[in-house]
Amino acid sequence: MMAQNTDMELLLDSFKKFAIHGDTKATGKELNGKNWAKLCKDCKVIDGKNVTSTDVDIVFTKVKAKTSRVITYEEFQKALEELAPKRFKGQSKEESLKSIHKLIEGKEPTNVGITKVAKTATVERLTDPSKYTGSHRERFDESGKGKGRSGREELVENTGYVSAYKNAGTYEEKTKAK
């Protein structure tokens, strides 16, 4: 019974990771259709023969509430029960459910197709601050790290005086002299 519990915790953990994937406002309690499809793809539930992305979408629509656009963990388990016999044809209902759980347990969303930073000679030359000239050179220190605001020559003074007014702060002196 103990092994069953840890398996269920791993399954819930994977459910939560996929539920929050790509959505900053997600709580991890509900899984949307896109992330459900991603879970099935990443965890190899979709095999292209027995289970296709269409099957996954149909099962999602079947288990969710009519007006809802997401599934809860309980609905997620129902969806796995629907898909298990289809994915593992030769096995009994319990065996196929265990097998499908094994596919998902402990997994998290993979990040495929992330753009890599180009490290070509051209990019290197263009981003090398030691080669900058003129006013741009002032924006970096010797190590090539940007100075931020202090690297700019003309910082605007927000004193409330008109720009280029030379006698700022002399008003009190003039009025006291009288």
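The coordinates are above.
Attention here is on the structure that accompanies the text. Sequence order as written defines residue numbering, which begins from 1 separately in each chain. Given that the model is predicted, a residue must reach a pLDDT of at least 70 before its local features are reported, and side-chain atom pairs must reach 80 or more before they are shown or counted; all residues, however, enter totals for whole chains, interfaces and linings. Each side-chain value is worked out from all heavy atoms of the structure, with water and hydrogens disregarded.

Moving on, we come to the overall build of the chain. To qualify as a helix, a DSSP run of H or I must reach at least 4 residues; to qualify as a strand, a run of E must reach at least 2; elements of each kind are numbered from the N terminus. What the chain contains, in helices and strands, is eight helices and two strands. Going residue by residue from the N terminus, the α and β elements of the chain occur as α-β-α-α-β-α-α-α-α-α. Type-normalised accessible area, obtained with a 1.4 Å probe on protein chains alone, sets the label of each residue: buried when under 20%, exposed when over 50%, and partly exposed for intermediate values. Out of the 178 residues belonging to the chain, those deemed buried represent 24%. A separation of at least 24 residues holds for 52% of the contacts in the chain among residues at least 6 apart in sequence. Working definition of accessibility: Shrake-Rupley area with a 1.4 Å probe, residue cover restricted to the visible protein chains. Roughly 13,400 Å² of accessible area belongs to the chain as shown, and the carbon and sulfur atoms make up 53% of that amount. Contact criterion: two residues are considered in contact whenever any of their non-hydrogen atoms come within 4.5 Å of each other.

Moving on to the pattern of salt bridges. Every case where a carboxyl oxygen of Asp or Glu lies within 4 Å of a side-chain nitrogen of Lys or Arg is listed as a salt bridge. Applying the stated rule across the entire model yields six salt bridges. We note a salt bridge from Asp42 to Lys38, for which the minimum N-O separation is 3.0 Å. With Asp42 and Lys38 both in helix α2 (residues 33–42), this residue pair falls four residues apart, about one helical turn. Just as Asp42 is buried, Lys38 falls in that class too.

Secondary-structure assignment places Asn35 in helix α2. For the pair Asn35 and Ile20, spaced 15 residues apart in sequence, the C-alpha separation works out to 8.5 Å.

At a minimum axis separation of 8 Å, helix α4 (residues 73–87) and helix α5 (residues 93–104) run at an interaxial angle of 110 degrees. Compared by their axis directions, α4 and α5 come out roughly perpendicular. Two packed elements cross with a definite hand, and for α4 against α5 that hand is right-handed. Judged by residue contacts, Phe76, Leu80, Glu81, Leu83, Ala84, Pro85 and Arg87 of α4 engage Ser96, Leu97, Ile100, His101, Leu103 and Ile104 from α5. Residue classes follow a fixed rule: Ala, Val, Leu, Ile, Met, Phe, Trp, Tyr, Cys and Pro count as nonpolar, while Asp, Glu, Lys and Arg count as charged, and any other residue, Gly among them, counts as polar. The class makeup of the residues in the contact of α4 with α5 is nine nonpolar, two polar and two charged. Where helices are involved, their axes are fitted lines through C-alpha atoms of the stretch in contact, as for all axes, and angles between N-to-C directions lie from 0 to 180°. What sets the label is the angle itself: under 35 degrees gives roughly parallel, over 145 gives roughly antiparallel, 65 to 115 gives roughly perpendicular, and the rest give oblique. Crossing chirality is assigned from the near helix's rotation relative to the far helix, an anticlockwise turn below a right angle marking it left-handed and a clockwise turn marking it right-handed.

Looking now at the side chain of Ser96. Relative to the helices and strands, Ser96 is located in helix α5. Throughout this description, a polar contact denotes any pair of N or O atoms lying within 3.5 Å of each other; where both atoms belong to protein, one of them has to be capable of donating a hydrogen while the other can accept it, and for residues adjacent in sequence the pair is counted only when both atoms sit in side chains. Here Lys93 takes part through its backbone oxygen, which lies 2.9 Å from a polar atom of the side chain of Ser96. When neighbours within four sequence positions are excluded, Ser96 is seen to be in contact with Ala84, Pro85, Phe88 and Gln91.

On to unusual backbone geometry. Most peptide bonds take the trans form, and the phi angle of most residues other than glycine is negative. Here the phi dihedral of Lys44 falls at roughly 60 degrees; this positive angle occurs in a residue that is not glycine. Following the sequence through the fold, Lys44 ends up in the loop between α2 and α3 (53–63). Owing to a relative accessible area of 54%, Lys44 belongs among the exposed residues under this scheme.

Next up on the list: the nonpolar core. In this structure, Leu31, Trp36, Leu39, Val45, Phe76, Leu83 and Ile104 are the most contacted members of the largest nonpolar core, which totals 26 residues. Of all the elements in the fold, those that place two or more residues in this core are α1 (2–20), α2, α3, α4 and α5. Among the elements that take part in this core, α4 stands out by supplying six residues, more than any other. Here, nonpolar core means buried Ala, Val, Leu, Ile, Met, Phe, Trp, Tyr and Cys residues that are tied together by side-chain atoms lying within 4.5 Å of each other.

Our next topic: the packing of aromatic side chains. The geometry of an aromatic ring pair is captured by the separation of the ring centres together with the interplanar angle, meaning the angle of the planes. Geometry of aromatic contacts follows a simple scheme: Phe, Tyr and Trp rings, the Trp one being its six-membered ring, pair when their centres are within 6.5 Å, and the pair is stacked under 30 degrees between planes, edge-to-face over 60, tilted otherwise. Taken as a whole and assessed by the stated rule, the structure comprises four aromatic pairs. Ring centres 4.9 Å apart and planes at 45 degrees place the aromatic pair Phe15 and Phe76 in the tilted group. Pair noted here: Phe15 is in helix α1 and Phe76 is in helix α4, with a separation of 61 residues, a long-range link. Phe76 gets classed as buried once you look at its relative accessible area, which sits at 0%. Their ring planes at 90 degrees and their centres at 5.9 Å tell us that Trp36 and Phe76 sit as a pair that is edge-to-face. Placement of Trp36 in helix α2 and of Phe76 in helix α4 is noted, with a sequence separation of 40 residues between them. The buried category is assigned to Trp36, whose relative accessible area is 0%.

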